[in-house]
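Fold and contact review
Take a look at the letters that make up each chain.
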Amino acid sequence: MEYRKLGNTGLKTSILGMGCMRLPVIDNEETNINRVEASKMFDYAIDHGVNAFDTAYVYHSDMVNIGDSPLFLGDYMEERGCRKDIILSTKLPSFSLTGKEGELDEYLNRELEALKTDYVDVYFLHNVDSETWKIYEKDGLFDFMDETLLDGRVKHWGISFHREPELLDKMLDSSNKFEVVLTQNNYLDDQFDKQAPSSIVKKHNLGNYIMEPLRGGTLANGLPESALKIIEKYAPGRSPVELAFKYLYQNPDYTTIFSGMNSLEQVKENISIAEDYSKNPLKDSDFKVLEDVASNLYKLRGNPCTYCGYCMPCPNNVNIRGCFREYNTFKIIGREHEQADWRYFGVVFPGTRADECTGCEDCLSKCPQGIDIPTELEKVTEFFGPSPE
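Predicted, not measured: the structure shown is a model, and the values here were computed from it.

Time to look at the overall build of the chain. On a plain count of helices and strands, the chain comes out with 16 helices and 10 strands. Its C-alpha radius of gyration of 20 Å places the chain within 12% of the 21 Å reference for a compact globule of 389 residues. Referenced to the eigenvectors of the C-alpha coordinate spread, the extents of the chain come out at roughly 55 × 55 × 45 Å. In the chain, which comprises 389 residues, the proportion classed as buried is 58%. Sequence separation of at least 24 residues holds for 75% of the intrachain contacts in the chain that already meet a minimum separation of 6. When the accessible surface of the chain is totalled, it reaches about 16,300 Å², and 47% of it is carbon and sulfur. Averaged over its 42 positive side-chain charges, the chain has a centre that lies 5 Å from the centre of its 64 negative ones.

Structural data, given as structure tokens:
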């Protein structure tokens, strides 16, 4: 297993990380992790050199109480006695903040209790947007960061990010205490979004964690037949999973690629790819195959949005960029995909989804692509359905 420096933290993490948000569950109950199977996965990962583990307050939760993921991980580390062998990251639930005095401290202490540890190596602000950033500022985030670094509960602070790069740049400029950023990237997003936030991370010289290397599994088992035929013809012997991971591993700017694995078989496959990538790297022809696959998928999208964000901010707080990104993704791979609801209703916050559009048309003159945004937002709502809240 290869290890890379995590920015300026002094830590070195494995290139493959264990994402703890899609662990196997019992009877399809997301709040009830199958601990026997998940333990086998963790055992194999640690025994083969994986030292980066990432969880969050809401992973495997009902979105109100702390999730079964940090609870299970805490039990596992205690039973195996491996806390010091793991670079542990978790996340403060930005979307649950109300501005109540002391809530940042409460959330951190709950997570430490669940994880059965007195510190986390990296503590992320989870999925921050412009509104939650205002709450953080009101809550005294920067003083809280100083306090936790001083008392040792947090070793390094980071940001977990799904938004426009300009906002990330603004947040990183606000404090030199942020040392790690977790962003989404894969070969499909590189084709979709030419303004990926990973470039901002590089600009600030921070540790660069990557999530969603398979876009929630869609680049592994959700590719249409036309894309699979391109791979079979021009990259024979390479699997979609191998191509997707090695595409990221071969970028030296990325520290660790986190994968939300949900079976021992997936753990074994992904570790095998990680161990093999330097001996059997992708060739120029393989990168061309991925460009062709992404272009093939791109033609199936719902609208020509380039996710530039010029249409935002919306007067009604609609996350136009996020709505179109998820809409286009699942127009390509199919509404029936198991990740569709989770991606749209999970990543696009309540109050910012397409059904909040009033048709004011403030955005129309701002779109370089000439997209009829209100009409397209209606299509998004029709595609995913109205917000369940």
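Next up on the list: the pairing of strand S8 (residues 178-184). In terms of burial, S8 is largely enclosed, as seven of its seven residues are buried. With five bridges joining them, strand S7 (residues 154-161) and S8 adopt parallel strand pairing. Counted as the bridge partner of Ile159 is Val181 from S8. The parallel pair S7 and S8, bridged by helix H6 (residues 165-174), forms a crossover whose chirality is right-handed. Across five bridges, S8 lies against strand S9 (residues 207-211) in parallel orientation.

What follows is about the sheet that holds strand S10 (residues 256-259). If you walk around this closed barrel you meet the eight strands as S3-S4-S5-S6-S7-S8-S9-S10, and the pairing is parallel. Taking the axes of each pair of neighbouring strands and ignoring which way they run, one obtains an average angle of 30° across the sheet.

The next point concerns the packing of aromatic side chains. In total, this model carries 21 aromatic pairs according to the counting rule given. For the pair Phe95 and Phe349, a centre-to-centre distance of 5.5 Å together with 75° between the ring planes defines the contact as edge-to-face. Of this pair, Phe95 sits in the loop between strand S5 (87-92) and helix H3 (103-115) while Phe349 is found in the loop between helix H15 (340-347) and helix H16 (373-384), placing the two residues 254 residues apart along the sequence. According to the relative accessible area criterion, Phe349 is buried, its value standing at 7%. Here the aromatic cluster, defined as three or more aromatic residues joined through ring pairs, consists of Tyr327, Phe330, Tyr344, Phe345, Phe383 and Phe384. The cationic tip of Arg110 hangs over the ring face of Tyr107; the distance from NZ or CZ to the ring centre is 5.1 Å. Sitting over the face of the ring of Tyr298, Arg301 holds its NZ or CZ atom 3.8 Å from the ring centroid.

Here we take up the side chain of Ser39. As for its position among the elements, Ser39 is in helix H1 (residues 35-47). Look at Ser39 and you get buried, because its relative accessible area is 17%. What Ser39 contacts, discounting residues up to four positions off in sequence, is Phe72 and Tyr76.

A surface patch of negative charge is lined by Glu361, Asp372, Glu378 and Glu382. Position of Glu361 among the secondary structure elements: in the loop between H15 and H16.

Quick look at the environment of Ile87 now. Checked against the element boundaries, Ile87 lands in strand S5. In this structure Ile87 comes out as buried when scored by relative accessible area, which is 12%. In this structure the C-alpha to C-alpha distance between Ile87 and Val241, which are 154 residues apart in sequence, comes to 25 Å.

Counted as a void, the second largest pocket has a volume near 390 Å³. Contributing to the lining of the second largest pocket are 16 residues, with Ser130, Glu164, Met312, Pro313 and Asn317 lying nearest its centre. Of all the secondary-structure elements, those providing two or more residues to the lining of the second largest pocket are helix H4 (130-138) and H6. For the lining of the second largest pocket, the per-class residue count stands at five nonpolar, four polar and seven charged.

Once that is clear, we can look at the pattern of salt bridges. Two side chains of opposite charge can pair, provided their charged atoms sit close to one another. Using the criterion set out here, one finds 28 salt bridges in the structure. Look at the salt bridges and you will find they share partners, linking Arg35, Asp68, Asp75, Glu78 and Lys116 into a network.

This part is about helix H12 (residues 264-276). Compared with an ideal rise of 1.5 Å per residue, which puts 13 residues at 18 Å, H12 spans 18 Å between its outermost C-alpha atoms and is within 8% of the ideal. Buried residues belonging to H12 abut strand S3 (16-19), H1, helix H11 (240-249) and S10.

With that settled, the discussion passes to unusual backbone geometry. Backbone torsion omega between Met312 and Pro313 reads 5°, so that peptide bond is classified as cis. Relative to the helices and strands, Pro313 resides in the loop between helix H13 (284-298) and helix H14 (320-333). Of note in this structure, Asn28 is not a glycine but carries a positive phi near 60°. By secondary structure assignment, the location of Asn28 is in the loop between S3 and H1. The class for Asn28 is exposed, based on a relative accessible area of 76%. Residues other than glycine seldom take positive phi values, yet His60 does so here, at roughly 55°. Residue His60 is classed as buried on the basis of its relative accessible area, which comes to 5%.

Rules used in this analysis
- Residues numbered from 1 in each chain as written.
- Predicted model: local features only at pLDDT ≥ 70, side-chain atom pairs only at ≥ 80, totals over all residues.
- Heavy atoms only, no water.
- Helix = DSSP H or I, 4+ residues; strand = E, 2+ residues; numbered from the N terminus.
- Rg over C-alpha atoms; globule rule 2.2 N^0.38 Å.
- Buried < 20%, exposed > 50% of the residue type's maximum accessible area, 1.4 Å probe, protein only.
- Contact = heavy atoms within 4.5 Å.
- Areas by Shrake-Rupley, 256 points an atom, 1.4 Å probe, with all protein chains shown as cover.
- Lys, Arg positive; Asp, Glu negative; His and termini not counted.
- Charge placed at Lys NZ, Arg CZ, Asp CG, Glu CD.
- Pairing = 2+ DSSP bridges.
- Right-handed = clockwise from strand over helix to strand, strands pointing away.
- Axes fitted to C-alpha atoms, helices over the stretch in contact; angles between N-to-C directions.
- Phe/Tyr/Trp six-rings, centres within 6.5 Å; stacked < 30°, edge-to-face > 60°.
- Lys NZ or Arg CZ within 6 Å of the ring centre and 35° of its normal.
- Patch = residues over 30% accessible without salt bridge, like charges linked within 9 Å, V, L, I, M, F, W, Y side chains within 5 Å.
- Salt bridge = Lys/Arg side-chain N within 4 Å of Asp/Glu carboxyl O.
- 1 Å grid on protein atoms, 1.4 Å probe; cavity = no way out; pocket = protein on both sides within 12 Å on 5 of 7 lines; lining within 4 Å.
- Points joined across faces, edges and corners; volume = space filled by probe spheres on them.
- Nonpolar A, V, L, I, M, F, W, Y, C, P; charged D, E, K, R; others polar.
- Expected span 1.5 Å × (residues − 1).

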